[in-house]
Amino acid sequence: MITISTDKEKLQIDVIHQFLTETYWAKGRTLDEVKKTIEHCLCFGMYLDGKQIGFARLATDYTVFAYLMDVFVLPEYRGKGYSKQLMKVINEEPQLQSCKVWMLKTSDAHKLYKQFGYTELKYPEKVMERLL
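Residues numbered from 1 in each chain as written. Predicted model: local features only at pLDDT ≥ 70, side-chain atom pairs only at ≥ 80, totals over all residues. Heavy atoms only, no water.

Trainee: Before we go on, may I ask you to explain the sheet that holds strand 3 (residues 51–60) in this structure?
Mentor: Paired through their backbone hydrogen bonds, the strands of a sheet run either parallel or antiparallel. Taking strand neighbours across the sheet as the criterion, the five strands line up as 1-2-3-4-5 in an open arrangement whose pairing is mixed. Only two strands of the sheet have a single partner each, and these edge strands are strand 1 (2–5) and strand 5 (101–104). Averaged over all pairs of adjacent strands, the angle between their axes in this sheet comes to 20 degrees, without regard to strand direction. Direction of pairing for strand 4 (residues 65–73) relative to strand 5: parallel, over a ladder of four bridges. In the sheet register, Phe-65 faces strand 5, and the bridge partner there is Val-101. (Pairing = 2+ DSSP bridges. Helix = DSSP H or I, 4+ residues; strand = E, 2+ residues; numbered from the N terminus. Axes fitted to C-alpha atoms, helices over the stretch in contact; angles between N-to-C directions.)

Quick look at the structure:
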C-alpha cells in the first residue's frame, strides 16, 4: 500500500541522496546539501510497505508562492501511476491552498505536470533568473 507523508522523520535520506546524485538536475549534490535542502523545505515522502520509493520538496512561504523541486519515483516503481498520486497529494496539501503561484523546472516531465495545471510561462519576459 502506498502512503505519502510530510513527516521528515520518515524520510530515508540515503535513498533520496543516492537517487538525486544520478539525476541531470542534481548530479553531484552532496549528502550534506541534500540534508540542508530537506531541512528548509516542505517535503513529501512516498512509501510502499515502509520503503521510500518517491520524493518531492517545495520551497514555499505557505501563503503566496510554491516552487516544486526534486520530484521522483524510483525507476523500478514507475509506470504504476505513483507520480500522479504524489502530485495529487502535493496539489491538495492544506498548508499550500492559499499559494497562487506555483513553479517548477523540468526537461523531461512536461506531460505529467501539464495534467496538474502547469504550463509554459505565460509572460516569460517577466521572469528572470540568476544561474551560478
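Trainee: Honestly, the state of the cysteines in this entry has me stumped. Any pointers?
Mentor: Here a disulfide denotes a covalent bond joining the sulfur atom of one cysteine to the sulfur atom of another. This model, assessed by the stated rule, comprises zero disulfides. Of all cysteine sulfurs, the one in Cys-43 lies closest to Cys-41, which takes part in no disulfide; the gap is 5.8 Å. Judged by its relative accessible area of 9%, Cys-41 falls in the buried class. For Cys-43, a relative accessible area of 1% translates into the label buried. (Disulfide = S-S within 2.5 Å. Buried < 20%, exposed > 50% of the residue type's maximum accessible area, 1.4 Å probe, protein only.)

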